[in-house]
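Topology and contacts: notes
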Amino acid sequence: MRIVIPGAPVPQLRMKSSNRNGFSRHYDPKAKEKTQIRHFISSTYPVAEELDYPRVSFVFHMPIPQSIPKRLIPLYYSGLLKHTKKPDTDNLIKLYLDCMDGLVLHKDSKVSLGFSVKVYHPYPKTIVWIHKTNQ
């Protein structure tokens with residue numbers, strides 16, 4: 001199964017906490033983005049068969065920065081230049097696995113990770129491949 005999620009890839013951030021009137025509150029700063037991604041996945045892709053041990057691979061197409069030298073523009077637009085800056089790949093993976101849990105994947109504790117790569121691309125998106133594997 002192949003899932004393509006348009007838009008710049010979103011990293012998972014740490015839970016935040018605030019204290020107001022003596023009450024502490026913990027919240028997820030990326031809850032809005034997670035809701036949007038979950039809604040997109042549920043409306044675009046049908047419910048998949050339950051896989052016992054899925055292998056999930058990711059390709060993150062990161063947006064091209066505005067301040068690049070003109071001589072490097074063809075390299076950035078080729079989609080072959082790796083993205084080496086923040087956000088980290090593991091933080092990107094965490095958010096997308098959380099979003100797919102219960103929709104496409106059932107119990108993400110059984111998921112094994114395949115390859116994951118971040119590259120610059122003129123059209124930012126996230127591509128997810130889900131493969132069926134044996135125990």
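Everything below is about the structure shown above.
Residues numbered from 1 in each chain as written. Predicted model: local features only at pLDDT ≥ 70, side-chain atom pairs only at ≥ 80, totals over all residues. Heavy atoms only, no water.

Here's the deal with unusual backbone geometry
The cut-off we apply is this: Secondary structure follows DSSP: runs of H or I at least 4 residues long count as helices, runs of E at least 2 residues long count as strands, and numbering of each begins at the N terminus.
Cis geometry marks the peptide bond from Lys86 to Pro87, where omega comes out at 5°. As for its placement among the helices and strands, Pro87 is situated in the loop between α2 (73-77) and α3 (89-100).

Details of helix α1 (residues 31-44)
The condition that has to hold: Here, expected helix span is obtained from the residue count minus one, scaled by 1.5 Å. We call a residue buried when its accessible area falls under 20% of the maximum for its residue type, exposed when it is over 50%, and partly exposed in between, using a 1.4 Å probe and counting protein chains only. Note: the arc covers the axis-to-C-beta directions of the helix. Contacts are assigned to residue pairs that have any heavy atoms within 4.5 Å of one another.
Along its 14 residues, α1 runs 20 Å from first to last C-alpha, staying within 8% of the 20 Å computed at 1.5 Å per residue. The complete set of buried residues in α1 reads Lys34, Ile37 and Ile41. Projection of α1 onto a plane perpendicular to its axis shows the buried side chains occupying an angular sector of 70°, all on one side. In α1, the exposed positions angled more than 90 degrees off the buried face are occupied by Lys32, Thr35, His39 and Ser43. Those residues of α1 that are buried lie in contact with β1 (2-6) and α3.

Topic: the pattern of salt bridges
Threshold: Think of a salt bridge as a Lys or Arg side-chain nitrogen and an Asp or Glu carboxyl oxygen that are within 4 Å of each other.
Per the stated rule, a full pass over the model turns up two salt bridges. For Lys34, the salt bridge goes to Asp28, with nearest N and O atoms at 3.0 Å. Taken as a pair, Lys34 and Asp28 share a single burial class, namely buried. Measuring nitrogen to oxygen at the nearest pair gives 3.6 Å for the salt bridge that ties Asp98 to Lys34. Here Lys34 lies in helix α1 and Asp98 lies in helix α3, a separation of 64 residues in the sequence. Classification of Asp98 as partly exposed rests on a relative accessible area of 34%.

Quick word on the side chain of Lys30
Here is the rule we go by: The convention is simple: Lys and Arg are positive, Asp and Glu are negative, and His and the chain ends are not counted.
Secondary-structure assignment places Lys30 in the loop between β3 (23-27) and α1. Although buried, Lys30 forms no salt bridge, and the nearest oppositely charged side chain, Glu33, lies 4.1 Å from it. Leave out the neighbours within four places in its chain, and Lys30 touches Val10, Pro11, Leu13 and Leu95.

Details of α3
Look at α3: 17 Å from first C-alpha to last across 12 residues, which is about the 16 Å you get at 1.5 Å a residue. Among the structural elements, β1, α1, β4 (53-62), β5 (112-120) and β6 (125-133) are those in contact with the buried residues of α3.

Focus: the nonpolar core
Heads up, the condition is: In these notes, a set of buried Ala, Val, Leu, Ile, Met, Phe, Trp, Tyr and Cys residues joined through side-chain atoms within 4.5 Å is what counts as a nonpolar core.
Core analysis: the largest hydrophobic core is formed by 24 residues, its most contacted members being Ile3, Val56, Phe58, Tyr96, Leu97, Met100 and Ile130. A per-element tally of this core places α3 first, with seven residues. Apart from the residues lying within four places of it in its own chain, the contact partners of Ile130 are Met1, Ile3, Leu51, Pro54, Arg55, Val56, Met100, Val104 and Leu105.

Focus on the sheet that holds β1
Note the threshold: Two strands pair if DSSP finds at least two bridges between them. For helices, the fitted line uses only the C-alpha atoms of the stretch in contact; every axis is such a line through C-alpha atoms, and the angle between N-to-C directions lies from 0 to 180 degrees.
With mixed pairing, four strands are arranged side by side in an open sheet as β1-β6-β4-β5. Each edge of the open sheet carries a strand with a single partner, namely β1 and β5. Mean inter-strand twist for the sheet, computed between neighbouring axes without regard to direction, equals 15°. With five bridges connecting them, β1 and β6 associate as antiparallel partners.

With respect to the packing of aromatic side chains
Where we set the bar: Put simply, two rings from Phe, Tyr or Trp (the six-membered ring, in Trp's case) pair if the centres are within 6.5 Å, and we call them stacked under 30 degrees between planes, edge-to-face over 60, tilted for the rest. Over a ring means this: the NZ of a Lys or the CZ of an Arg is within 6 Å of the ring centre and within 35 degrees of the ring normal.
Inspection of the entire model under this criterion finds five aromatic pairs. With a centroid separation of 5.5 Å and 5° between ring planes, the pair formed by Phe58 and Phe60 is classed as stacked. With respect to class, Phe58 is no different from Phe60; both count as buried. When the ring of Phe60 is compared with that of Tyr96, the centres are 5.9 Å apart and the planes differ by 45°; the resulting orientation is tilted. Placement of Phe60 in strand β4 and of Tyr96 in helix α3 is noted, with a sequence separation of 36 residues between them. By relative accessible area, Phe60 is classed as buried at 0%. Residue classification places Tyr96 among the buried positions, given a relative accessible area of 2%. Among the aromatic residues, ring-to-ring pairing joins Phe58, Phe60 and Tyr96 into one connected group. It is Lys110 that lies over the ring of Tyr53; its NZ or CZ is 5.6 Å from the centre.

By themselves, these figures tell us nothing about what the structure is for.
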